[in-house]
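Remarks on the overall topology
The chain contents come next:
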Amino acid sequence: MPSPSPAPLPVEWVSPVGERAPAGRVRYRGPLAAADRPLHLHLAFDGAPPPFRHVPLERDGDGSWAADIPEADGHILLDFAIAAADDDWDNNGGANYRLWIGLDPVDAHVHARTPGLDELGFESLRIALASGGMTHGLVSWQDNAFVDRVTEGVGWLTKLVWVSPGGPEPDDVRRRLAVGAVGLKLHPTYDGYPADTPGLDPFLQVAAEAGVPVTVHTAPGPSDPDLVRRLAERFPKVPFVLYHTFLGHPEGRRRAARHAQELANLHLETSWCRSAEVRRLIDEVGADRVLFGSDAATDGPVHFVRSPPNLEMTENYNESLLTLARQLPPETLRALLEDNTRRLFRLAPPRLPQAVPEPVEDVRELFTAALEQAERVVARVGREQFALPTPCAEWNVQALLGHLLATVQRAERVAGGQPASSVPQVLAVDTRGRWASRFEAATAKARHAWSRDTAPADVPAPWGLVPGPVALSGFVLELVAHTHDLVVGTRSPEPLDDRLATAALRIAERLVPAALRGAAVADPVPAAPGAADYARLAAFLGRAPA
């Protein structure tokens, strides 16, 4: 009988690990996916202006929606919700979603004991992990049969086998390891036995034979790290992971760290440790011996975002993760959040996308091509055409020429660090036949301002600084769209570059979200079946069919 296909998270990356920095592509399959209406991501860039952005989602043939996350301006995390055009929202059970750029984080310590939204419920776990940006989790609970049922076909969870001196039988443990479990879980405090009891030896022998790690709850009393050390000494070929490192006084964590320094098969896990403690553990035992875990969803759906904070009353998990992401070297952060757990438990790498994304053109090359195309079209405009209407209802040909000239001058000013508002929306164009040479002189200045050697990294926009390529892509869109408007209005025979239309349409779909419709841009209109990209671009921007 074939295995069920993995159940996806409502939102997940579709770009492979290591190939989506500084941006990436995500897919949405949540409650709003079946809606016959536009959807977009409502993004909150941590610490980056503007505080909120919108990115339109594109519907795919399988009923899911996908979008490219734009560059985060050097910031690391994204919090967001999914929104429909009629103001219907999916915010992951109230906890919002969080995605990491360039990482597929693994939570090495999670639980599920019921199917619902209560503490340690499976649905609570789904929401909690999504709000922390976790793409995978190692799950366990005392009732192994329940964990089997609730995780059937769930591709973002991998099981551990919960064992104690009272059972299950070693052969049952072997069977579970053979069908997908990747390690054992011991909880001496919960099950009431000392961590070094010889009654565990048959299970640890199974772990040694299978070459899998053993995770152990560590806390005062029967779960003390000193007792776990004795297990590690008895079974030196078995990797042991001290869950929580030590759930108690900091003195216990120092002892656990010393044991890990002395025994190569001991590893530390960081649930309930605040960011400063995580950094100290990494310093004490090395970046390759510390694993991130959260003990989700002990605090229910808000486990990662709880207020008041649940990590030593100073941070919640998302705050701690953000601090670590800012303070740790990238390779250390990747080891903590992903590589160490994947290596130790031999987890498969993230799924590769079904198709390789097409390369993105150099936006400067697009800008140069758009300027050259606009020059050719402007040069064909005659004085007698000035009063003709254009697809831009508020502008005739003369006003549209003035707007194109203003667009080029704004591009030059912005590249020099001046605000776009220093140039009006429409510049005066006289009737004495000098508009073409004036436009050509302006394009030469803009082309030089954005040349590869002098282009700025960040430029001012009304809402704050934006990356240079983002600002330049907006000018590409304006130039291409309005050049096409000018061709339509003057019935010019000048051929247009189809590649520029394709690129401008892709830019428009990312820069003109549903939230701006009716303000800066009109609502889209239907494009004819099989329409070329210039016609599709015009329709997307609300132009009536020519």
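Notes on the structure in this doc start here. (Residues numbered from 1 in each chain as written. Predicted model: local features only at pLDDT ≥ 70, side-chain atom pairs only at ≥ 80, totals over all residues. Heavy atoms only, no water.)

Let's shift gears to the side chain of His-482. Positionally, His-482 belongs in helix H14 (residues 468-490). Side-chain polar atoms of His-482 contact the side chain of Asp-485, separated by 3.1 Å. Setting aside residues up to four positions removed in sequence, His-482 forms contacts with Cys-392, Trp-395, Leu-400, His-403, Leu-404 and Arg-543. (Helix = DSSP H or I, 4+ residues; strand = E, 2+ residues; numbered from the N terminus. Polar contact = N/O pair within 3.5 Å; in protein donor to acceptor, adjacent residues only side chain to side chain. Contact = heavy atoms within 4.5 Å.)

Taken in spatial order, the four strands line up as S1-S2-S6-S5 in an open sheet, and their pairing is antiparallel. Two strands close off the open sheet at either side, each with one partner strand: strand S1 (11-13) and strand S5 (58-59). (Pairing = 2+ DSSP bridges.)

The biggest cluster of nonpolar side chains holds 71 residues, and the ones touching the most others in it are Leu-125, Leu-129, Leu-157, Leu-184, Val-214, Phe-240 and Phe-304. The contacts of Leu-129, once residues within four sequence positions are left out, are Asp-107, Val-110, Met-134, Trp-156, Leu-157, Ala-296 and Phe-304. The next biggest cluster of nonpolar side chains, apart from the first, holds 56 residues, and it includes Ala-370, Val-408, Val-476 and Ala-503. (Core = buried A, V, L, I, M, F, W, Y, C linked by side-chain atoms within 4.5 Å. Buried < 20%, exposed > 50% of the residue type's maximum accessible area, 1.4 Å probe, protein only.)

This part is about the packing of aromatic side chains. A complete count under the given rule lists ten aromatic pairs for this structure. Between Phe-122 and Trp-156, the ring centres sit 5.6 Å apart and the planes meet at 25 degrees, which makes this aromatic pair stacked. In this pair, Phe-122 sits in helix H1 (residues 122-131) while Trp-156 sits in the loop between helix H2 (144-150) and strand S12 (157-159), placing the two residues 34 residues apart along the sequence. Trp-156 sits in the buried class, given a relative accessible area of 6%. Site record: aromatic cluster; members linked through ring pairs are Trp-272, Phe-292, Phe-304 and Tyr-317. Taking NZ or CZ as reference, Arg-255 lies 5.8 Å from the ring centre of Phe-246, over its face. (Phe/Tyr/Trp six-rings, centres within 6.5 Å; stacked < 30°, edge-to-face > 60°. Lys NZ or Arg CZ within 6 Å of the ring centre and 35° of its normal.)

Time to look at the sheet that holds strand S10 (residues 106-111). Strand order in the open sheet formed by three strands is S10-S11-S12, and the pairing between neighbours is parallel. Lying at the two open borders of the sheet, with one neighbouring strand each, are S10 and S12. Averaged over all pairs of adjacent strands, the angle between their axes in this sheet comes to 30 degrees, without regard to strand direction. Sheet topology note: the S10/strand S11 (residues 136-140) ladder contains four bridges and is parallel. Its bridge partner lying in S11, Val-106 is registered against His-136. Against the sheet, H1 engages S10, S11 and S12, with an angle of about 155 degrees to S10. (Axes fitted to C-alpha atoms, helices over the stretch in contact; angles between N-to-C directions.)

Glancing now at the side chain of His-136. When you line up the elements, His-136 lands in strand S11. What makes His-136 buried here is its relative accessible area of 12%. A polar contact of 2.6 Å, which involves the side chain of His-136, links it to the side chain of Thr-158. Discounting chain neighbours no more than four positions away, the residues touching His-136 are Pro-105, Val-106, Asp-107, Gly-155, Trp-156, Leu-157, Thr-158 and Leu-347.

Looking along the chain, the bond that leaves Gly-167 and enters Pro-168 is cis, with omega of 0 degrees. Mapped onto the elements, Pro-168 comes out in the loop between strand S13 (161-162) and helix H3 (170-178). The omega torsion across Ser-307 and Pro-308 is 5 degrees, close enough to zero to call that bond cis. Counting through the fold element by element, Pro-308 comes out in the loop between strand S18 (290-291) and helix H9 (317-327).

Along the chain, the position of Asp-224 falls in the loop between strand S15 (214-217) and helix H6 (225-234). Expressed as a C-alpha distance, the spacing of Asp-224 and Ala-256, which sit 32 residues apart in the sequence, is 8.8 Å. Setting aside residues no more than four positions away along its own chain, Asp-224 makes contact with Ala-219, Phe-246 and Arg-255.

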